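Next come the chains, spelled out residue by residue.
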Amino acid sequence: MKFFIDTANLDEIAEAKSWGCLAGVTTNPSLYAKTGGKLADFEGHMSKIAELCAGLPVSAEATSEDAEAMVAEGRRLAALAPNIVVKLPICEAGLAATRTLADEGVRVNMTLVFSAPQALLAANAGARYISPFVGRFDDLGEDGVSQLADVIACIGNYDWSGKNVDDTVEIIAASIRTPHHVTQAALLGADIATVPFAALKKCVHHPLTDRGLEGFKADWNKVIAGA
Ligand code: E4P
């Protein structure tokens, strides 16, 4: 399973990239708003992320509400850099815009997916990536992991050749909140987990690792002192 970072914060992206295990970035309007970014700077900000992560897929979300406007916005976003993936929400307009953009060779990440039928429609419309949300489902008192399992199983039952520019669909486990979510996504065979910076840090660390490091350091200092 590959790791994407779910943020629009350039410092967080740069730090996660420096670890050498980052495979992509996802953003959304809320994550951009969190950076304090202005409307006029949105496309420039997406270009900066794309440049920082050259060669890695970077999802930039369109905010238009009808299919025609989504297509126009998607074309503009895709033209910013070759690694930009256009993120569109699952809805009638989003599906129609995905079909048009996919036919033009644009990669689309279909977001806000909460069910297997939504995922199947997205794949048929030409989505290159599909993002089922885990944490937000859990927030409802439901089981986000089991809906992720349904999406992975249903998409995995079919061959998606001819549907999008890469002839394949990858599932991005999204709305990930904890290392446990990451483990569950990997056990289910999700292609990608997109993880916020704080949760990624939690994945790096473990209390026993930290305690072990302190122990090794203390013992090594004794060796140095005795030398
Ligand atoms: C997906 O790409 C979304 O950006 C994301 O995972 C949203 O998750 P949230 O529930 O943490 O907002």
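Read on for an overview of the structure. (Residues numbered from 1 in each chain as written. Predicted model: local features only at pLDDT ≥ 70, side-chain atom pairs only at ≥ 80, totals over all residues. Heavy atoms only, no water.)

Some details on helix α1 (residues 10-18)
Thought 1: Where α1 begins, the side chain of asparagine 9 points an oxygen toward the backbone nitrogen of aspartate 11, at a separation of 2.9 Å.
Thought 2: In the stretch just after α1, glycine 20 is the one whose phi turns positive, near 85 degrees. (Polar contact = N/O pair within 3.5 Å; in protein donor to acceptor, adjacent residues only side chain to side chain. Helix = DSSP H or I, 4+ residues; strand = E, 2+ residues; numbered from the N terminus.)

With respect to the site of the ligand
Thought 1: All residues in the neighbourhood of the ligand are listed as Asp6, Thr26, Asn28, Leu31, Lys87, Phe133, Arg136, Ala174, Ser175 and Arg177.
Thought 2: Side-chain polar atom of aspartate 6 to an oxygen atom of the ligand: 2.7 Å apart, as the coordinates give it.
Thought 3: Look at the ligand: alone it shows 350 Å² of surface, and the protein chains cover 87% of it.
Thought 4: Tallied by class, the residues present in the shell around the ligand amount to three nonpolar, three polar and four charged. (Near = heavy atom within 4 Å. Areas by Shrake-Rupley, 256 points an atom, 1.4 Å probe, with all protein chains shown as cover. Nonpolar A, V, L, I, M, F, W, Y, C, P; charged D, E, K, R; others polar.)

Remarks on the side chain of threonine 26
Thought 1: In this fold, threonine 26 is placed in strand β2 (residues 24-26).
Thought 2: Assessed through its relative accessible area of 1%, threonine 26 is described here as buried.
Thought 3: Reaching out from threonine 26, the side chain makes a polar contact with the side chain of threonine 194 at a distance of 2.5 Å.
Thought 4: Beyond its immediate sequence surroundings of up to four residues, threonine 26 is in contact with Phe4, Ile5, Asp6, Thr7, Leu31, Ser59, Lys87, Asn109, Ile172 and Thr194. (Buried < 20%, exposed > 50% of the residue type's maximum accessible area, 1.4 Å probe, protein only. Contact = heavy atoms within 4.5 Å.)

So yeah, pure geometry; function would need other evidence.
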